[in-house]
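If you want the building blocks of each chain, they are given just below.
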Amino acid sequence: MKPAVFARFKASVQNPILTLEYYISGVDDLQKIIAERNPNDVQYRVTVRRENCVVNMDKTSRKIPFYDKYQYIDGYPIIATDTDETFEFIMPKILYPNDIKKYLLEHYGSTFNFKPDESMNNSPMTFSVHNESSVGLRSFATDAPSIIKWETVSYRPLSEKDIVVDKNLNQIWPEKTGSLPVGLVQLFNRGTEKAH
């Protein structure tokens, strides 16, 4: 077997309840994905990964099924993948506790377990909603176990390590720069060239 290593980028976009993944080639692709987001999404996290993919250069395939297309690079099968660098950021705006409470009430009719300390009222935050479930007691009528479902909210104040960008990918936290975050630029500058 003749192995070779190629790099590619993968973006994961997570809104408060759903995560979608995309393979991208650079900033332009990422901006197109962001432009497709629902403007009512109050906040979501994006993780961009640079993956090193080991491919078998001895094998090639001309006809690749659509559902397998990301298992190949230029027709060569990927036999191993390793993430060598990631960059994470939050979009598209800075939220405060009252913004999060309003969103939860509008979308769920409840604030669930979201009860930040009063000292956090003026602190920008990040949050996500989690759907939880558990098996309950058996029903006497059907003998089937009941399923108990509920939602919880995880939340925390933004730190200096968090990056928040607007819908145009311009950084607005921890410092408003009006341009792409430096870490994201550096990640894409490494490119998808063949790794040696």
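What exactly am I supposed to notice about the environment of Ile172 here?
The topology assignment puts Ile172 in strand β9 (residues 171-173). Along the sequence, Ile172 and Lys93 sit 79 residues apart, while their C-alpha atoms lie 7.9 Å from each other. Setting aside residues up to four positions removed in sequence, Ile172 forms contacts with Pro92, Lys93, Ile94, Val164, Val165 and Asp166.

I'm lost on the pairing of strand β1 (residues 3-14) in this one. Help?
As a general feature of sheets, a regular strand has side chains that alternate between the two faces. The buried fraction of β1 is high, at 9 of 12 residues. Pairing between β1 and strand β3 (residues 44-56): 12 bridges, direction antiparallel. Directly across from Ser12, in β3, lies its bridge partner Thr47. By the bridge criterion, 6 bridges tie β1 to strand β2 (residues 19-24) in an arrangement that is antiparallel. Counted as the bridge partner of Phe9 is Ile24 from β2.

Any chance you could explain the environment of Lys101 here in plain terms?
Checked against the element boundaries, Lys101 lands in helix α2 (residues 97-108). Taking C-alpha positions, Lys101 is 42 Å from Asp68, a pair spaced 33 residues apart along the chain. In contact with Lys101, other than residues within four places in its own chain, are Thr111 and Phe114.

Rules and cut-offs
Per chain, residue numbering runs from 1 following the sequence as it is written. Selection of residues for local features in this predicted model requires a pLDDT of at least 70, selection of side-chain atom pairs for listing and counting requires 80 or more, and totals for whole chains, interfaces and linings are taken over all residues. Note that the side-chain values use all heavy atoms of the structure and ignore hydrogens as well as water. Segments assigned H or I by DSSP are reported as helices when at least four residues long, segments assigned E as strands when at least two residues long, and all are numbered from the N terminus. Contact definition: two residues touch when any of their heavy atoms are within 4.5 Å. Relative accessibility under 20% of the residue-type maximum defines a buried residue, over 50% an exposed one, and the middle range a partly exposed one, all with a 1.4 Å probe and only protein chains included. A strand pair is defined by DSSP finding two or more bridges across the two strands.

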